[in-house]
Each structure stands twice: as C-alpha cells, then as structure tokens.
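So the chains spell out like this:
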Amino acid sequence: MIEVTPGIYCLPLPLPIPHLSNINTYLVRGDNGYLLVDTGWNTEKAFNSLKKQLAEIGISGQEISQIVLTHAHPDHYGLAGELKRLYGASLALHHLEKDFIESRYISMDGLIQDIGQLLHRNGAPPDRLPELQKASLPMLKFVTPILPDVTLYGGETITCGDFSFEVMPTPGHAPGHICLYEPAKKIFISGDHILPNITPHVGLHPQSGSNPLGDYLDSLEQLKKLEVELVLPGHEQPFTGFRERIEGIILHHRLRNAEIMGALGYDSKTAFQLTTEITWLHDVKGVGWYKLDSWDKRIAILETMAHLEAMRARGELARFNRDDIIYYRLPRKAKNDE
Ligand SMILES: [Zn+2]
Ligand SMILES: [Zn+2]
C-alpha cells in the first residue's frame with residue numbers, strides 16, 4: 001500500500017496470472033466514507049490482502065461507501081459482489097458492462113456458442129474450437145456476479161472528500177470501460193485503458209462492437225487534450241508522462257498493423273492464419289502463437305481480428321467470404337469485396 005498522492009492510496013492485490021502479478025485498486029479518502037476504484041479477483045488471497053492494507057491505513061471495510069468499477073473484467077470486478085455483501089457499499093458500473101454481466105458470468109452458453117461461431121468464421125480449425133471456446137471458463141470461479149446500484153453513462157461526477165472525478169467513457173479494451181479524471185488535481189485513474197508498459201488487450205468479440213480497436217484509438221486521441229500529471233493504472237505502477245504513453249501505445253498499434261500487413265503480403269488469409277504467423281507476448285518475451293496457453297491463444301486471435309477490422313474500416317484491407325470463412329486481402333476493385 002502506498003499513498004500515491006495525499007488522499008489516494010494504491011492497494012495492489014495479487015492475481016493468479018503468470019505475466020500479470022497485481023491489479024491496483026485505489027482508495028480515495030472522503031468525509032463520509034471512502035471510495036474504492038476496482039476490486040480485484042474473488043480469491044481468499046486477494047481479499048486478505050485488501051483487508052490487511054485497509055488495516056494498515058487504519059480503516060475497516062465498512063468505511064468504504066462507494067465502489068466504482070472501471071470495467072467488469074474478473075480482475076477488476078470479481079470481488080465486488082463479496083465486498084457489497086459484507087460492507088454494503090454502493091456499486092457503480094457503466095451500462096454497457098452491466099448489460100453483459102448475465103451473459104458473461106451467469107448463463108454463458110449463448111456467448112460460448114457465439115465465440116465459437118466467430119472463431120470458426122475467422123479460420124480457427126474445428127479441432128481447436130472447444131479449447132478456445134472454453135478458455136475463459138476457469139475465470140468464473142474468481143467472480144461473484146452482482147449488478148450495480150448506480151448505472152453510469154459517462155459525464156457524471158463522482159465526488160469523494162476533496163476529489164471530484166469525471167466519468168469518461170473509454171471503449172476499446174471493454175465496451176463500457178470508463179476512466180476517472182480529476183481535472184483540478186490533474187489525476188487520471190486509467191483502469192486498463194492506459195498502462196505504463198504493457199498494452200491492454202483489445203479484441204474483436206461478440207460483445208465488443210464491430211471496430212473495438214478503432215474505438216480504442218479514437219478514445220486515446222480524445223484523451224490527449226487533458227491536463228494530466230499523475231496516471232493511476234489498473235496494473236503496474238502509477239506513472240507520469242500521460243501524452244507520451246498515449247503516443248507510445250498508438251505507435252505500438254501501428255507497428256502491429258505493419259507486422260500483420262507484412263504477414264498478409266499479396267495473399268488472402270484468415271485472421272487465424274495471420275495470428276499464427278506473427279509474434280505474441282511481445283511486451284514480455286515474444287513467442288509464436290502455438291506456445292501460448294489457451295486463454296492467450298484466444299485473445300491473440302481476437303486481437304488480430306480487431307487489427308484487421310480497424311484496417312478494413314480505414315479502407316486499407318478488404319475481406320471476402322469463401323465457404324462461410326472470412327479472408328482478408330489488400331483492397332482491389334472486385335465485386336465480392338465487402
Ligand atoms: Zn480488463
Ligand atoms: Zn485488468
């Protein structure tokens with residue numbers, strides 16, 4: 001636990017993921033209760049760590065009066081149900097994330113089928129589909145699903161003590177992802193939208209909208225005009241250099257586009273083929289797709305699809321269907337290009 005700025009504490013909680021050791025939750029001091037931003041996974045280890053850090057600050061869980069979630073991924077949302085049950089804090093979440101709680105965490109059959117269909121149409125071989133479709137199921141045990149008390153739409157102000165945070169919708173990593181901006185103090189709580197070293201996953205998904213990478217890059221561009229002195233990210237360390245980091249992430253995606261275009265050449269290929277021809281985990285080590293675990297294998301394909309669709313939206317790529325499978329190629333005047 002560290003007090004990153006007077007009145008805001010960073011409480012990192014452990015994650016059971018090999019290349020991502022912590023999720024940062026942020027505790028903001030108020031006059032009538034504290035605000036907690038994000039909650040960590042629902043594991044005993046994470047919950048004990050949270051209780052220990054609250055005790056170090058000298059408060060009890062009951063003093064948390066509001067919880068705001070940047071998005072409903074398991075590492076940010078998993079413990080929310082348990083905290084709500086034990087401490088009774090009011091819970092706020094963006095409406096798009098709220099709408100997906102049922103299909104992601106309660107009755108998942110439809111989503112599993114939709115993902116299977118999407119991966120199949122993008123060239124994933126049939127024998128790999130069951131593994132890829134079910135890759136997210138192990139995460140479910142880390143989530144206690146709960147609906148929010150407060151539904152956010154963007155533009156609201158969340159006040160706590162000396163702080164007034166603007167709710168800023170920042171779609172891309174998740175369709176209903178939000179960041180919190182404190183303009184007077186120039187503090188930006190970035191969730192998974194902007195991280196200091198790794199680049200957040202942005203994938204095309206049945207729930208992502210048709211061009212999530214386009215949405216992501218657009219929302220990064222929008223943020224550039226903000227005055228920010230301290231960024232409080234959902235993973236890794238708080239950092240300065242907000243605009244430089246945004247430029248770095250934009251550059252990263254340009255380079256990924258170039259790598260994908262290089263693998264495509266003048267050929268016609270599926271997203272799956274291209275996924276297996278480029279490198280992965282480049283922030284960590286850089287390995288081929290076949291060496292990834294099931295979860296990373298799936299998100300790698302979804303990321304490639306997001307890149308391809310972003311380039312298609314800009315007219316840099318075309319796609320066509322053959323036997324119900326989607327192929328990408330350089331655009332040319334052909335009747336069957338979509
Ligand atoms: Zn996330
Ligand atoms: Zn995260």
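Thresholds applied
- Residues numbered from 1 in each chain as written.
- Chains lettered and ligands numbered in written order.
- Predicted model: local features only at pLDDT ≥ 70, side-chain atom pairs only at ≥ 80, totals over all residues.
- Heavy atoms only, no water.
- Helix = DSSP H or I, 4+ residues; strand = E, 2+ residues; numbered from the N terminus.
- Rg over C-alpha atoms; globule rule 2.2 N^0.38 Å.
- Buried < 20%, exposed > 50% of the residue type's maximum accessible area, 1.4 Å probe, protein only.
- Contact = heavy atoms within 4.5 Å.
- Salt bridge = Lys/Arg side-chain N within 4 Å of Asp/Glu carboxyl O.
- Donors = N, O, S within 2.8 Å, 3.2 Å for Na, K, Ca; no water.
- Tetrahedral: all angles 85-135°; square planar, octahedral: opposite > 155°, others 65-115°.
- Core = buried A, V, L, I, M, F, W, Y, C linked by side-chain atoms within 4.5 Å.

1. Details of the overall build of the protein chain
In terms of helices and strands, the protein chain carries 10 helices and 14 strands. For the protein chain, whose C-alpha radius of gyration is 20 Å, the value lies close to the compact-globule estimate of 20 Å for 338 residues. Along the three orthogonal principal directions, the C-alpha set of the protein chain runs to about 65 × 40 × 35 Å. Classification of the 338 residues of the protein chain by burial places 56% in the buried group. Looking at the protein chain alone, contacts between residues at least 24 apart form 65% of all its contacts between residues at least 6 apart.

2. Quick look at the pattern of salt bridges
All chains considered together, the criterion is met by 15 salt bridges. Among the ionic pairs, Glu-82 bridges to Arg-85, the shortest N-O distance being 2.6 Å. One end of the pair, Glu-82, and the other, Arg-85, are both in helix 3 (residues 80-87), three residues apart, so they sit about a helical turn from each other. A salt bridge links Asp-149 to Lys-84; the shortest N-O distance between them is 3.0 Å. Taken together, the positions of Asp-149 in the loop between helix 6 (129-133) and strand 7 (150-152) and Lys-84 in helix 3 put the pair 65 residues apart, joining distant regions of the chain.

3. Some words on the coordination of the zinc ion (ligand 2)
All of the protein donors around the zinc ion (ligand 2) are Asp-75 (OD), His-76 (NE2), Asp-192 (OD), Asp-192 (OD) and His-235 (NE2); their distances to the metal are 2.1 to 2.8 Å. Considered as a linear motif, the donors of the zinc ion (ligand 2) on their single chain read D-H-x115-D-x42-H. Separating the zinc ion (ligand 2) from the zinc ion (ligand 1) is a gap of 3.5 Å, which Asp-192 spans by donating to each of them. Separated by 160 residues along the polypeptide, Asp-75 in helix 2 (residues 74-77) and His-235 in the loop between strand 12 (230-233) and helix 8 (242-264) bring together distant segments of the chain.

4. Here's the deal with the coordination of the zinc ion (ligand 1)
Every protein donor of the zinc ion (ligand 1) is accounted for by His-71 (NE2), His-73 (ND1), His-173 (NE2) and Asp-192 (OD), and the metal-donor separations fall at 2.0 to 2.3 Å. Around the zinc ion (ligand 1) sit four donor atoms; with metal-centred angles ranging over 89 to 176 degrees, the donor geometry is irregular. All donors of the zinc ion (ligand 1) come from a single chain, and their spacing in sequence reads H-x1-H-x99-H-x18-D. By relative accessible area, which is 0% here, His-71 ends up buried.

5. Here's the deal with the nonpolar core
Within soluble globular proteins, side chains that are nonpolar generally end up buried alongside one another. Formed by 49 residues in total, the largest nonpolar core has its most connected members in Phe-188, Ile-194 and Phe-242. Secondary structure elements with two or more residues in this core: helix 5 (109-121), helix 6, strand 10 (178-182), helix 7 (212-223), helix 8, helix 9 (271-277), helix 10 (294-313) and strand 14 (325-329). Excluding anything up to four places from it in sequence, Phe-242 contacts Phe-188, Ile-194, Leu-223, Leu-226, Val-228 and Val-231. Counting 36 residues, the second largest nonpolar core, distinct from the first, contains Leu-27, Ala-46, Leu-93 and Ile-198.

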